[in-house]
Structure formats: C-alpha cells, structure tokens
2 protein chains.
Amino acid sequence: MKIISGGVCAAKGFTASGVHCGIRKNRTKKDLALIFSQVPATAAAVYTTNLVKGAPLIVTKKHLSNGVAQAVICNSGNANTCNANGIEIAEKMSLAIANELKINKDDIVVASTGVIGQPLNLSAIESGIPTLVEKLSANGSLDAAEGIMTTDVAVKEVAIEFTVGGKTCRIGGIAKGSGMIHPNMATMLVFITTDVKISAEMLSKALKSDIQNTFNMISIDGDTSTNDMVTVLANGMAENEEINSENEDFAIFMKALNTVNVTLCRAIAGDGEGATKLLECSVSGAKELEIAKKVAKSVICSSLTKAAMFGADANWGRVLCAIGYSGADVDVQKIDVAFKSAKGVIDVCKNGSGVDFSEEKAKEILLEKEIIIAVNLNDGECSSSAWGCDLTYDYVKINGDYRT
Amino acid sequence: MKIISGGVCAAKGFTASGVHCGIRKNRTKKDLALIFSQVPATAAAVYTTNLVKGAPLIVTKKHLSNGVAQAVICNSGNANTCNANGIEIAEKMSLAIANELKINKDDIVVASTGVIGQPLNLSAIESGIPTLVEKLSANGSLDAAEGIMTTDVAVKEVAIEFTVGGKTCRIGGIAKGSGMIHPNMATMLVFITTDVKISAEMLSKALKSDIQNTFNMISIDGDTSTNDMVTVLANGMAENEEINSENEDFAIFMKALNTVNVTLCRAIAGDGEGATKLLECSVSGAKELEIAKKVAKSVICSSLTKAAMFGADANWGRVLCAIGYSGADVDVQKIDVAFKSAKGVIDVCKNGSGVDFSEEKAKEILLEKEIIIAVNLNDGECSSSAWGCDLTYDYVKINGDYRT
C-alpha cells in the first residue's frame, strides 16, 4: 500500500476539473468542480444528521437510491440550504451537467458548500458547465479540490495504490473542511473515487464503518454542518474479482479507505478555520471503545483546551475537566495525561493529579504545529483518536464577518 | 417584589467580607470572601455533574448533609481541584474559619475557583482569616463579590425584597462566572442568602427546580466546570410562618428566587470571558418544554453564531444550523427567526427559509450590547430562554495564556 499522486483521478477511468463560474465574487477562486467516471460506478454515501439539510443532499440521496453514479458536481460559495427553491435548483444543476456529459441525470452526485440561506445563482453554474466538461482531465484533481474550497487555506487530496487479488487498485479523495465542522454520523464534503470492483452493499458497509473512526472523530468548532456528505464512487476498472463479502479483499479495501480517510481527516483538522495547530487527542486504556471515543472527542471539542493549545500553555486541568464532563464512565483517579510533539513527550498528570514538570520543556513541545494530547485511562484495552485544531484570533475574525 | 441594594447582606442577620490574602499575585485583587449568618441557617446546594469535582465540593456536600450551614468561605485564584491533598486542604480551610468564627466546622460551605491542578496555598488563607472575620459587615457584600471573581470584569450581586405572610423578607446573591461556564444540572459559583423561614426540604426543592430554567440555561464556552456550585442559606430571621409545603408562600419565594437567579444569569452571561454582548435565545412555539430548552441552548452554544454576533452579522443560517443539530424534534419548515435589540426587531427567516431584509437595519440592531435571537417553532405553546455571549478575540487572548 503506497501513497501516490493524482487525488480523485488516480483510479482508472476518472477525470476531474474545476473552474470559476461566478458564484464567488473573487474571480481568482474556483467555485465549481466536477468528477467524472468513464463508466457508471457503484456508489455509496453518508450524510449529515442535522435536521436542517442542504437541498443537494436530498437530491443526491434520491439519485443514489439505486447505488449507481457516474459524476459529482459541487459548487462552493453557497450551500443551497434553507432556500425555498433549493431542491428545484439542485435538480436543475444535475440535469444541466448530465445533459452536457450525455449521461443519466439520476447518476449525478450534487453538492454545494458555503453560506446558508441565500439563493443559489443557477445561471452562473449553467454558464460554467461547458468549460467544466471541456476541461475534464486525468490531471484535474487539484482543480476540482480547489473548486470545493471555502475558507480552506490548504488543498486536501490524497491517493493510495494497493493490490486486490493480484490486480493493482487505486483509491483517492478530495475534501473541503475549515468551519462548521463537527461531523455526526456523517461528515463534511469528501469525494472519494476508486477503480476497485465492489458491490454496492459492501461499499456502503465499508464507508459507514470507517467514518465512525475517521470523519466522525474530528471537530473544528462543534457546529454540525447542514451539508456534510462523503461519497465514494467505485467504477470497477481495476478488474479485480468483485468484492461481495467480508473477505480478505474487503479487509484490504477497508485498510486503503481508512488510510485515505485518516489523511483527509488530519488535513481538515489541521486546516480548521484560523488554526495554527493540528491537535490529536489519543486515548488509550479505556474499558470500552465508546468511552475512548467520547473522551477523545470531548477533549478535542473543549474551547478552553483549544485556546490553551493556541497559547502553547500546558494547562492540563482543562483536559481533565473536558474528560470529566464527556459523559463517559471513567475513574478520574486513574487518568494520566501527557503532551507530545516532534520535540518530545512530557507527563503532566498522573492518577488524576498534577505532577511537577518543566514549564520550559512543555512550552517547547507545545510550540510545534502538531500536538498529541495523550490520555491513558488505565482501565482497559480500548483506544481511539480524535482530531481538531486550536482556537485562535483568526477563527473569530473569519467568522465575525463571513458573509461580506 | 422590588430590587434593593445589599447583595448577600440584604437579608436580616447576614454579614460579609472580602480580602486579599496572597493566593492571587496581584495585591489589588481580593482573593478570599466570607458570608456569615448570625444564626445557623437552613441550607441547600447543587453541584456540577462533571466527574472531575473540585475538592471543596466534596467537603461542602458532606457538611450540608444535615441541611444546616452558618458561613461560606471562598477563595479565588486556585480551584483546589485535581490536587492529591485537595480534600485535606478544604477541610483545614473549613476548620480554620470555623475556629475563628467560633462555630461548628460542619456548618461551613467551602468553595474555591481558579486554575485547576495547582496546590492551594493554605497558609495564605490561614493568614487572611483573622482580617476576613474582623471585617465582617452588613455592607460587606461587594467585598465578598469581589473576593470570588477570577477573569470576571463586573461584580455580580442582586437583592430582592418581598412579603411572605405579612412579613418583609429579603433574598440576595453574589456570583462569579466568566469562563468554563456551561452548567449542567448545577452551575458556577453562586451564593444566595435569605431571611425567609423555610424547611430544608422545600429550600432544596425550590433551588433544584429553579436552576433548570436559570443557571442550567447559560453557556459561555461549552465547558462544564469542575467547581460549579450554588448554595442558598435561609436563616429564618424574617420570622414568617415556616414554609413547609408547596403553598402560596412557597410560590412567592420561588418567584423571588427566580428573579435573583435570572438577574445573576444575565450578569454572568453578559460578562463571559472576552464578551462584548449579552445574547439571549428566546424560543417559543415548542410542542414540549424540553424541545424549547434544547433549541435555545444549542443556539447559545454555537461558536459560529457567537462569532457572527460579535461581528454584528445577521448570519441566521448558523442559527438554523444550530437548531438542526440540537437533537430536538422540530419541523424545520415551520421555523421563524428574528433578531431583536433596543434598536428594534428584524425578521430574517420564515418557515425555514430566508426572507429579504435590510442588512443596514440588521447591522444597527446587532451593534447593540444586548441581543435577543427570537426563534418561533410554530409547533406548540412551550417557551424557554438561554443566555450566553459573543465569541471574541479577547476570549482567545484570555484563554491562550490563562495561567501566566
């Protein structure tokens, strides 16, 4: 299993593109992206659990009811959510791209991301579609990844090569993240492509299982978005024997999918709105997996812990506090906490009480860009990680006036 | 029922004081407070649900098991939490003040607030106690209120006069808030005194009922503190006929208690760490009270909504988003949202979709210091309010380096 270039175009038969069509005011920012499979692909998706759902999610869910898709279209700059005509617009957007690609409109995954509650300019999208299709290319993943960015600073793409039954297979993905990131049983916008041959049922099973430990374990700001969605398109062009049970090939595919997802999770968390640091809370020694997950997520969501990390302040009491209100059944008297980074490890709490440590060494560790908050519950064998970022002046700045 | 001055000394028989004893480095900040009742009082308290509990809470809970207390001692600058010797220190602090006051050590409410996980300097407290007792005065409420402040900017005190069975009664309270404020089944530090004669059982019933709609409905930052506590001391010196059932007198007392608590809630929320605005989310038209409460609290906790309010940006989509992920059973298509302040009201969302509104007028409304986010679920008769504050650069500044 090796990391390769190419993002969503790494797998056989996939092309992609991205253009500026006029939804975003800044003409240097792409705002429309397309991913296309040469042949119809098996498709699976998961969606936000927010009761307020973006119109594109409702349309996509209908389109994917037969487990087949051939293209993904996504605009940034407008979420097409809480608009009275949202579903109609999402359907027209699907129809326009399907007509241009000469494929079935029900084989379109449609997505939107950006501000909520402002009418989406369909004519901008329709005017951009001919160029979008014309630019489709096997080198287009980066353009597509740029097309779905909102307040993201960094492009998020990844691809992996692996072998199933002697056949070389590839899987790749792009993502947008940044703000309103606190996925719950689903996630932000992530589009994954693979040339693996896999049944719709097994593809869905793989995706639903993996996101519990990847996208559902990140949080930027505690706000579960209305437009979260992850989709996987598997077009079978690697010509492996179809995966249709939980066999060895499925395990290999799960590992590849997990590698793609963890990479995108870390990229999303590290590029949270205003973030200067990627935080990982790594919990071990839990008596149940759910306890490890609850604790990890509670710490990663704590505003006070996030602000302390921004200030490189080893204020571990806030970590203990977040563990205590997590709702998880833990024995406080057994908890150990350490901070880790490329500069080393420092123990700050043993058995629920503070230990003497060098503030100087702690500062050196916490000034790094990637910090691990290591929690050992000393109460069992289960472990879990959650990812997030620090809380900074720039988060407030970006969100104090996002619409203008 | 009228608002009067005097805070925790407004009720007959109560005196208070506050001094600097040396826990906080800044000698101009008081760090030790005392409230004393001339006679033993009926006492009730509620505590944080955080599994990590401050040592003083454990000691206070033991002391209040007989429903009687006569004095409250509280230091700021150190939470006495996650310290191996915390309980021993809290007990010694109780003993020292009891000896000086010549009362039973089991009649002491002991509390601490400040940084977690650093040893509490008992000798500073012991050295401050003689002056603290010497300074006890019927004008001492303000000193005591100052003594319990941490990052609070404003002193929080209130008192109410009312009549029970022809007797003039008074109730007053002081509070500290500011950060790590997301009370759950309990609250931050609040000390209430009253001269009403009421049984321990009814006092506890009144307190536990009222906090569900007051302190449990505020959030500054989503972090439920380890040291949250509200206590009420009722010394009976108003000489009303003892309240020992849910009669008319109890209803009057509940109203007085609620007025005190709502006033302190608003004071705590408006003085959240770094806050420039008091936010109230007022939810009406819910089919169940729990739905109204969940929706109100979800909106008030949303980092994105809080940042938008800081920027005076009418980004109502974030309000809808927070309602959608609240976990409450709502019909999104029925929801109306308006923003209100002293400058007027503006409707921004009807039936779950945006309506045209003047951005200029919205800005004028949102530039005020007190903002109401009014949500009508149009689905029933229940209503609820939650209080919080905006998310600002100063919140990040205060918490990026709190310990130094």
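Scroll up for the structure.
A short tour of the structure in this document, coming up. (Residues numbered from 1 in each chain as written. Chains lettered and ligands numbered in written order. Predicted model: local features only at pLDDT ≥ 70, side-chain atom pairs only at ≥ 80, totals over all residues.)

## Comments concerning the sheet that holds strand β11 (residues 336-341) of chain A
All names here are of chain A.
Argument step 1. Taken together, the six strands give an open sheet; going across it, the order is β13-β12-β11-β14-β10-β15, and neighbouring strands pair in mixed fashion. On the outer flanks of this sheet lie β13 (353-354) and β15 (382-389), each paired with one strand and no other.
Argument step 2. Strand direction decides the pairing type here: β11 and strand β12 (residues 344-350), joined by five bridges, are antiparallel. In the strand pairing of β12, A338 is matched with D347.
Argument step 3. Running over the sheet, helix α6 (residues 248-270) touches β10 (278-286) and β15 and is turned about 40° from β15. (Pairing = 2+ DSSP bridges. Helix = DSSP H or I, 4+ residues; strand = E, 2+ residues; numbered from the N terminus. Contact = placed C-beta atoms within 7 Å. Axes fitted to C-alpha atoms, helices over the stretch in contact; angles between N-to-C directions.)

## Some points on the pairing of β11(A)
Residues and elements named next belong to chain A.
Argument step 1. Examined bridge by bridge, β11 and strand β14 (residues 370-376) share five bridges and lie antiparallel to one another. Bridge assignment links F339 to a residue of β14, and that residue is I373.
Argument step 2. What sits between the antiparallel neighbours β11 and β12 is a turn of two residues.

## Remarks on the sheet that holds strand β11 (residues 336-341) of chain B
Within a sheet, neighbouring strands are paired by backbone hydrogen bonds and run either parallel or antiparallel to one another.
All names here are of chain B.
Argument step 1. What the six strands build is an open sheet, ordered β13-β12-β11-β14-β10-β15; its pairing is mixed. The two strands at the open ends of the sheet, each matched to only one other strand, are β13 (353-354) and β15 (382-389).
Argument step 2. Here strand β10 (residues 278-286) pairs with strand β14 (residues 370-376) via seven bridges, running parallel. Looking at the pairing, E280 lines up with I372 of β14.

## Observations regarding the relation of the copies chain A and chain B
Argument step 1. When chain A is fitted to chain B, the residual RMSD is 0.0 Å, and the transformation amounts to a turn of 180° plus an axial shift of 0.0 Å. Such a combination of turn and shift is consistent with a two-fold rotation axis. Closest approach to the rotation axis among the C-alpha atoms of chain A is made by A:Y393, whose C-alpha sits 2.6 Å away.
Argument step 2. Both copies share a contact surface, since 100% of the interface residues of chain A are interface residues in chain B too. (Least-squares fit on C-alpha atoms with pLDDT ≥ 70 in both.)

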